[in-house]
Amino acid sequence: MCGVKCITFALWINILRVITEKTDFKLELTPQKSVIHVGTDLELTCRMNACPVNVTFMWKSLLDNFHGGKHKDEQTVSRLLIRNITTKHSNVVCKASCEGKPRENTSHIHVYSFPQDPVLSQIKSLIANQTQQLNCTVHNVYPLERIQVEWLRGDKTLHVDSPADFFSDRVQSYSSVFNYTPSVSDLDKNLSCKATLNNAEIGLERTRNSNAEYGPGTINISSKKPSVKLGEDLEITCDADGNPKPTILWWKEETEPAQNESRHEKLIIHNASWSQAGWYRCDASNAVGSQQMRVNVIVLGPPNIPKIQLSHRGDPKEGENVTILCSSDDESAELTLYKQSQSAASGALHEPAVLLNIPSVQITDGGIYICEAKNDFGIERSTINITVEAQHNVVKAADLPVAILPAAGSVSLLAIAGLLIRHCRKKARTNSNNIPLS
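Below you will find a few notes about this structure. (Residues numbered from 1 in each chain as written. Predicted model: local features only at pLDDT ≥ 70, side-chain atom pairs only at ≥ 80, totals over all residues. Heavy atoms only, no water.)

1. Quick look at the nonpolar core
Ranked by internal contacts, the top residues of the largest apolar core, which has 24 residues, are F114, I147 and W151. For this core, the secondary-structure elements that each account for two or more residues are β10 (132–141), β11 (147–153), β13 (172–180) and β14 (191–199). Once residues within four sequence positions are removed from consideration, W151 is found in contact with L120, L134, N135, C136, K156, T157, L158, H159, S176, F178, S192 and C193. L27, C46, C51 and W59 belong to the second largest nonpolar core, which has 21 residues in total. (Core = buried A, V, L, I, M, F, W, Y, C linked by side-chain atoms within 4.5 Å. Buried < 20%, exposed > 50% of the residue type's maximum accessible area, 1.4 Å probe, protein only. Helix = DSSP H or I, 4+ residues; strand = E, 2+ residues; numbered from the N terminus. Contact = heavy atoms within 4.5 Å.)

2. Notes on the environment of K124
Residue placement: K124 occurs in the loop between β9 (119–120) and β10. Sequence-distant contacts of K124, that is, excluding residues within four places in its chain, are made with Y214, G215, P216 and V288.

3. A word on the sheet that holds β13
Here three strands make up an open sheet; going across it, the order is β9-β10-β13 and the pairing antiparallel. At either margin of the open sheet sits one strand with a lone partner, and together these are β9 and β13. The sheet contact formed by β10 and β13 spans eight bridges and is antiparallel. By the bridge assignment for β13, Q133 is matched with N179. (Pairing = 2+ DSSP bridges.)

4. Thoughts on the packing of aromatic side chains
By the definition in use, this model includes two aromatic pairs. For the pair W151 and F178, a centre-to-centre distance of 5.7 Å together with 40° between the ring planes defines the contact as tilted. Within this pair, whereas W151 is found in strand β11, its partner F178 is found in strand β13, the two being separated by 27 residues in sequence. For the residue pair W151 and F178, the accessibility class agrees, reading buried in each case. Among the aromatic side chains, those forming a connected cluster through ring pairs are W151, F178 and Y180. Over the ring of W279 we find R294; its NZ or CZ atom is 4.2 Å from the centre of that ring. (Phe/Tyr/Trp six-rings, centres within 6.5 Å; stacked < 30°, edge-to-face > 60°. Lys NZ or Arg CZ within 6 Å of the ring centre and 35° of its normal.)

5. Digging into the sheet that holds strand β12 (residues 156–161)
With antiparallel pairing, the four strands of this open sheet are ordered in space as β12-β11-β14-β15. Whereas interior strands pair on both sides, the edge strands pair on one side only; in this sheet they are β12 and β15 (204–211). Neighbour-to-neighbour, the strand axes of the sheet open up by a mean angle of 20°, direction not taken into account. (Axes fitted to C-alpha atoms, helices over the stretch in contact; angles between N-to-C directions.)

6. Focus on the environment of L44
Inspection of the secondary structure puts L44 in strand β3 (residues 42–49). What makes L44 buried here is its relative accessible area of 0%. Each C-alpha atom of the pair L44 and H71 lies 9.0 Å from the other, and the pair is 27 residues apart in sequence. Discounting residues that sit within four places of it in the chain, L44 has contacts with L29, T30, P31, W59, S78, R79, L80, V92 and S107.

7. Some remarks on the pairing of strand β5 (residues 70–74)
Inspection of the sheet shows β5 paired to strand β6 (residues 77–82) by five bridges, in the antiparallel sense. The residue bridging D73 from the neighbouring strand is S78, located in β6.

8. A look at the pattern of salt bridges
Per the stated rule, a full pass over the model turns up 13 salt bridges. Of the charged contacts, one joins E253 and R281 as a salt bridge, the two residues approaching to 3.6 Å between their closest N and O atoms. Of this pair, E253 sits in the loop between β19 (247–252) and β20 (259–262) while R281 sits in strand β22 (residues 278–285); the two residues are 28 residues apart in sequence, bridging distant segments of the chain. Judged by relative accessible area, which is 15%, R281 ranks as buried. With a closest N to O distance of 2.8 Å, D283 and R281 form a salt bridge. The buried category is assigned to D283, whose relative accessible area is 15%. The structure contains a network of salt bridges with shared partners spanning E253, R281, D283 and R294. (Salt bridge = Lys/Arg side-chain N within 4 Å of Asp/Glu carboxyl O.)

9. Thoughts on the state of the cysteines
A full pass over the atoms with the stated rule returns five disulfides. Across the disulfide from C46 sits C94; the S-S distance is 1.9 Å. Linking C46 and C94, the disulfide has an S-S dihedral of approximately -95° and is accordingly described as left-handed. Of this pair, C46 sits in strand β3 while C94 is found in strand β7 (residues 92–98), placing the two residues 48 residues apart along the sequence. Of the two residues, C46 and C94, neither departs from the other in class, the shared state being buried. In this model C51 forms its disulfide with C98; the gap between the sulfur atoms is 1.8 Å. Residues C51 and C98 share a disulfide whose torsion about the S-S bond is about 95°; that sign makes it right-handed. (Disulfide = S-S within 2.5 Å.)

10. Some words on unusual backbone geometry
In this chain, Y142 is followed by P143 through a cis amide linkage whose omega measures -10°. Structurally, P143 is set in the loop between β10 and β11. A cis amide bond, omega 0°, links N243 with the succeeding residue P244. By the secondary structure assignment, P244 is in the loop between β18 (234–240) and β19. Positive phi, close to 50°, is recorded for S360, a residue that is not glycine.

In C-alpha cells:
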C-alpha cells in the first residue's frame, strides 16, 4: 500500500548506509611525515572519525618494538609524545579499533643530526705559495653518509670532500683534511669550510659555514724603496692578510724606544725633514698571531755635511803612519777625499766612509785635506789642515874617532868624557873656519 513512498524511503536508507560505510571509522595520523633533529621532542595525534563509542588505541613501530614515548587517550583521539628523539626512532604506527573494526596508519619519522657549525683549527698564518695542512671537523652528524664538506676561498671552491661508502646508525663526527697552497690572488679573501647535510628523498638540506681564523701572513707595503724630497710629503700603505682583520701599527725604529708613527694602514710624512729618514716597521697583529716588515725611508736633498778626522790627536811627525777618514751618515751621497789641488781618494755611492792611508808621512804631505759629499741635489764639504813636524837632529856615536870605541872598555869614564869634549871643540873650530866672510 506504501507504493512510491516506500520505495523512496528504502532507497534513502541504502544511500545512507553506503555513505556511512565509506566514512565510518577513518583513522587520521598527524604529522604524516616528520624530518626531525636528534634530541628534540615529537608529538603525534591519532584520531578516529565517525566512531560513536570510545576507541581503543595502540602505538608501535613497524618492527613491533616501539622505543619510548607516552600516549594519552581521549574517546576518539590519542596523542603520543616522544621525548628526545634518537636515531633508533623511525616509522611509528597507530592502531585503533572501533566496534571491533581495526584501523591503522603510519607516521614516517626521519631523524638527522647537525647541531653546530664546522670547527676549523687556528692557523698561524697563510703565506702565498707555501703549502699548509688544514683541518675542518663537523661534529655529531647523522646520517654521516649524507655529509659533504667544501673548502672555499672567497666564492671559489678549492676542494670537496665526503665520506666514501660509509654507513652508520650512530651520531658521529667527520674531519676533512686539505693541503692548501694560497696564491697571491687568494690573499685578503675569507677561507671557509662549508658543510652540507643533504637528503633529497626526504626533503632535507642543511648547510653550516665557518670562516678560518689565521694570523697575519703576507704583508704588502705600497713602496719597497720609498723616497721623498726634502720638504715634500710621503704616503706609504701597509696591509696584511688575516682573519680577524689585523691591526696595523707603524713604528720608527731608530728611536729608543721605537716611536709610534701611525695606528692605521697609512704612514704619512708631512714636510719631510732629515730626521724623518730611516727605518720604519709595519706591525700587523690579530688574536692569532703577528707579523712585521721593515722599510727604509730615504729623504732626498743636498747631502749632510760630512766629517773628516785624523788618526792622530796632535800633529803627526815625519816617518809616522797617518790615516785620514772621510765619513757621512747620508746614504745618498758619494764621498771624495783629496788634498787641496790634487786628487787623493774617492768612494762609491752609498759607502759610509773613505780612508786615505799615508805611510811614513813627510813634511810635503802637510796641507789642507777636503772631505766632499755629493749627490744629485748638491755638494757639502769639510776640511782639515795637517802640519807634519820634522824630526830633531841627534849626534850619533859614529862621529867619534874609530880608535875611541875599542878603548871604551878599559879606559875610565872620565877619560872618555875628556876625549869627547876635545873632539867636539875640534869639530867646532873646523866648522867656524869654513864660514865665508861677508
